[in-house]
Amino acid sequence: HEYVASYVEGRLTVAQNRRVGFPWSQASVDRSLSSTGGTVAAARAVCEKGVVFAGHLAGGTHHSFADRGEGFCVFNDIAVAARVALRDYSSTVSSVLIVDLDVHQGNGCAHIFKDDPSVFTFSMQCASNYFSARQESDLDVDVPAGTQDAEYLSLLADHLPRVFRTVRPSLTFFQAGCD
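Residues numbered from 1 in each chain as written. Predicted model: local features only at pLDDT ≥ 70, side-chain atom pairs only at ≥ 80, totals over all residues. Heavy atoms only, no water.

Student: Just give me the short version of empty space enclosed by the protein, but keep the residues and values in it.
Tutor: All chains considered together, the criterion is met by one cavity of 30 Å³ or more. For the largest cavity, the calculated volume is near 40 Å³. Lining the largest cavity are His-63, His-104, Gln-105, Asn-107, Asn-129, Tyr-130, Phe-131, Ser-132, Ala-133 and Arg-134. Taken together, the residues of the lining of the largest cavity break down into three nonpolar, six polar and one charged. (1 Å grid on protein atoms, 1.4 Å probe; cavity = no way out; pocket = protein on both sides within 12 Å on 5 of 7 lines; lining within 4 Å. Points joined across faces, edges and corners; volume = space filled by probe spheres on them. Nonpolar A, V, L, I, M, F, W, Y, C, P; charged D, E, K, R; others polar.)

Shown next, in the form of structure tokens:
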């Protein structure tokens with residue numbers, strides 16, 4: 001893809017790089033590639049080795065799109081790992097659920113998977129904290145600013161079990177919030 005090549009080779013325009021959010025460097029390329037690879041490795045561990053849970057703390061770059069980075073997210077590691085799982089493990093992975101509980105909407109994931117019925121995107125975010133155009137997830141829950149823990153957990157308890165019952169995912173990605 002042209003965006004990936006442009007980023008890796010340091011050919012982004014000033015405006016494109018500003019949208020990513022930090023200056024280009026070889027270290028940022030290495031970090032972005034290894035972050036994506038780490039999430040793919042975690043997904044492979046679950047799919048190949050029967051591991052119930054695998055995590056990758058450097059992942060969660062849910063603001064990047066297929067053709068651009070945004071909001072300090074260069075490559076969408078969750079989207080890449082979901083696509084790899086659906087492609088390489090199709091005998092066991094037929095549906096993917098992305099649970100995004102970051103304070104910001106998982107706009108990149110929502111956009112990338114908007115026309116893909118094999119991936120369900122659930123994003124629960126602060127209703128007044130959008131730094132870019134909102135995208136439509138399969139389920140968006142807007143949480144009022146100032147919501148306390150008990151209210152937040154109640155909202156989550158109202159929605160998450162229903163999502164699991166409805167989607168019945170083969171594989172789930174959880175974005176716990178980088179912000």
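Student: Please set out the nonpolar core residue by residue, giving values where relevant.
Tutor: Core analysis: the biggest nonpolar cluster contains 19 residues, and Val-93, Val-96, Ile-98, Leu-171 and Phe-173 have the highest contact counts within it. Only helix H3 (26-49), helix H4 (77-88), strand S1 (96-100) and strand S4 (171-175) provide two or more residues apiece to this core. Tallying contributions element by element places H4 first for this core, with seven residues. Among residues more than four places away in sequence, those in contact with Val-93 are Cys-47, Ala-85, Leu-86, Ser-170 and Leu-171. With 11 residues, the next largest nonpolar core counts Leu-101, Met-124, Val-163 and Val-167 among its residues. (Core = buried A, V, L, I, M, F, W, Y, C linked by side-chain atoms within 4.5 Å. Buried < 20%, exposed > 50% of the residue type's maximum accessible area, 1.4 Å probe, protein only. Helix = DSSP H or I, 4+ residues; strand = E, 2+ residues; numbered from the N terminus. Contact = heavy atoms within 4.5 Å.)

Student: Give me the lowdown on the layout of surface pockets, citing residues and values where you can.
Tutor: Here the largest pocket is characterised by a volume of approximately 700 Å³. Breaking the lining of the largest pocket down by element, the ones donating at least two residues are H3, H4 and S4. In this structure, the second largest pocket spans a volume of roughly 270 Å³. Lining the second largest pocket are 14 residues, with Val-4, Ala-66, Phe-75, Asn-76 and Val-80 positioned closest to its centre.

Student: An account of the packing of aromatic side chains is requested, with residue identities and associated values reported.
Tutor: In this structure the tally under the stated criterion is four aromatic pairs. Arranged with centres 6.5 Å apart and planes meeting at 40°, the rings of Tyr-3 and Tyr-7 form a pair that is tilted. Remark: Tyr-7 and Tyr-3 occur in helix H1 (residues 2-8); sequence separation between them is four residues, near one turn of the helix. An identical accessibility class is assigned to Tyr-3 and Tyr-7; each is buried. Look at Tyr-7 and Phe-75: their rings are 5.6 Å apart centre to centre, the planes differ by 85°, and that puts the pair in the edge-to-face class. With a gap of 68 residues between them, Tyr-7 in helix H1 and Phe-75 in the loop between H3 and H4 connect regions that are remote in the sequence. (Phe/Tyr/Trp six-rings, centres within 6.5 Å; stacked < 30°, edge-to-face > 60°.)

Student: Got a sec to walk through the side chain of Ser-28? Specific residues and values, please.
Tutor: Within the fold, Ser-28 resides in helix H3. The class of Ser-28 is buried, set by a relative accessible area of 8%. For Ser-28, the side chain forms a polar contact with the main-chain oxygen of Ser-25, separated by 2.7 Å. Excluding anything up to four places from it in sequence, Ser-28 contacts Tyr-7, Phe-22 and Pro-23. (Polar contact = N/O pair within 3.5 Å; in protein donor to acceptor, adjacent residues only side chain to side chain.)

Student: Describe H3, listing the residues and the values that go with them.
Tutor: Relative to the 34 Å expected for 24 residues at 1.5 Å per residue, H3 spans 33 Å between its end C-alpha atoms, a close match to the ideal helical length. Residues of H3 that are buried include every one of Ser-28, Val-29, Ser-32, Ser-35, Thr-36, Gly-38, Thr-39, Val-40, Ala-42, Ala-43, Ala-45 and Cys-47, and no others. Where the residues of H3 are buried, they touch H1, H4 and S4. At the C-terminal side of H3, Gly-50 shows a positive phi close to 70°. (Expected span 1.5 Å × (residues − 1).)

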